[in-house]
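What the coordinates show
If you want the building blocks of each chain, they are given just below.
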Amino acid sequence: PPAPSTSKKIITRHSPATQETIKQLTIKAVDAFRKKALRAARISFETILQLDSNNLNARVGIAEIYLKNKKYSKMISILMPTPYSLSDPAPWSSNSKVLEYMGDAYYYMEQYKESLKAYDSSLHSILKEKNNGSSSPPPQITKEQKVHSILTLKVKMANVLYDAGEQDAGINIVQNIF
């Protein structure tokens, strides 16, 4: 998975000092992640969540670390926060990357039905995003990135179907890609 982005907007309900701290911690976490210093990255992301429990970048960053460490149930728990911990669950439930990572976690846990649902929701989320990048997140998604994400999700869905014993359906999806 790609390293978390530092281009997301910082939530403005925090003081300027807290916003700057979150920004600096995000830069530090992304740098550590890119250098494969996953423990340092996780600590920075967790510190961000202490300052802002709704920070999507930090949650996705931690999920990426859990994915690399094959801690799939922890991925799900970080990506599905309790309803009481979020002031607005909408960004979480419609974010294509969150949904894709949920699908990945369920796939590796061999929960194929849940995996397909998550991948399908991610695909629908991508298709609903405006090409001009005005919807968020992800900001400024290019047409090429959108096509790549769609193709990746279709291949993942085909893998799920194939592994779930629906080989014909999986093969059909792959054939439709090309």
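Residues numbered from 1 in each chain as written. Predicted model: local features only at pLDDT ≥ 70, side-chain atom pairs only at ≥ 80, totals over all residues. Heavy atoms only, no water.

With that out of the way, let us pick up the overall build of the chain. A tally of helices and strands in the chain yields nine helices and zero strands. Taken from N to C terminus, the helices and strands of the chain fall in the order α-α-α-α-α-α-α-α-α. If you take every contact in the chain between residues at least 6 apart in sequence, the share linking residues at least 24 apart comes to 54%. (Helix = DSSP H or I, 4+ residues; strand = E, 2+ residues; numbered from the N terminus. Contact = heavy atoms within 4.5 Å.)

This part covers the packing of aromatic side chains. Taken as a whole and assessed by the stated rule, the structure comprises three aromatic pairs. On the numbers, 5.3 Å between centres and 70° between planes, the contact of Tyr 107 with Tyr 108 is edge-to-face. We classify Tyr 108 as partly exposed; its relative accessible area is 44%. In this structure an aromatic cluster arises from ring pairing among Tyr 72, Tyr 107, Tyr 108 and Tyr 112. (Phe/Tyr/Trp six-rings, centres within 6.5 Å; stacked < 30°, edge-to-face > 60°. Buried < 20%, exposed > 50% of the residue type's maximum accessible area, 1.4 Å probe, protein only.)

A few words now on the nonpolar core. In terms of nonpolar packing, the biggest core is built from 29 residues, with Phe 45, Met 75, Ile 78, Leu 79, Tyr 101 and Met 102 touching the most fellow members. Mapped onto this core, the elements with two or more residues apiece are α1 (16-34), α2 (38-51), α3 (56-68), α4 (72-79) and α6 (96-108). Among the elements that line this core, the one with the most residues is α3, at eight residues. The contacts of Met 102, once residues within four sequence positions are left out, are Ile 76, Leu 79, Met 80 and Ala 118. In this structure, Tyr 107, Ile 126, Leu 153 and Val 160 belong to the second largest nonpolar core, which totals nine residues. (Core = buried A, V, L, I, M, F, W, Y, C linked by side-chain atoms within 4.5 Å.)

Residues three or four positions apart in an α-helix share a direction because the helix packs 3.6 residues into each turn. Taking 1.5 Å of rise per residue, the 21 residues of helix α8 (residues 143-163) would be expected to cover 30 Å, and the 30 Å separating its terminal C-alpha atoms lies within 8% of that figure. Here α8 has its buried residues at Lys 146, Ile 150, Leu 153, Lys 156, Met 157, Ala 158, Val 160 and Leu 161. Tucked into the core, α8 has its buried residues touching α6, α7 (112-128) and α9 (167-177). Following α8 by one or two positions, Gly 165 adopts a phi angle in the positive range, close to 95°. (Expected span 1.5 Å × (residues − 1).)

Another point: the side chain of Glu 100. Take Glu 100: it is sitting in helix α6. Note on Glu 100: relative accessible area 8%, which makes it buried. Looking at Glu 100, its side chain comes within polar contact range of the side chain of Lys 156, at 2.6 Å. Here Glu 100 is in contact with Tyr 119, Ser 122, Thr 152, Leu 153 and Lys 156, once residues within four sequence places are set aside. (Polar contact = N/O pair within 3.5 Å; in protein donor to acceptor, adjacent residues only side chain to side chain.)

This next bit is on the confidence of the model for the chain. With 80% of its residues at a pLDDT of at least 70, the chain reaches an overall mean of 83. The weakest mean pLDDT in the chain belongs to helix α5 (residues 90-93) at 63; the strongest belongs to α2 at 95. For residues 5-12, every residue scores under 50 in pLDDT, and the model assigns this stretch 16 contacts once sequence neighbours within four places are set aside. Segment residues 131-138 is flagged for pLDDT under 50; beyond a separation of four residues in sequence, or across chains, it makes 15 contacts in the model. (pLDDT = per-residue confidence, 0-100.)

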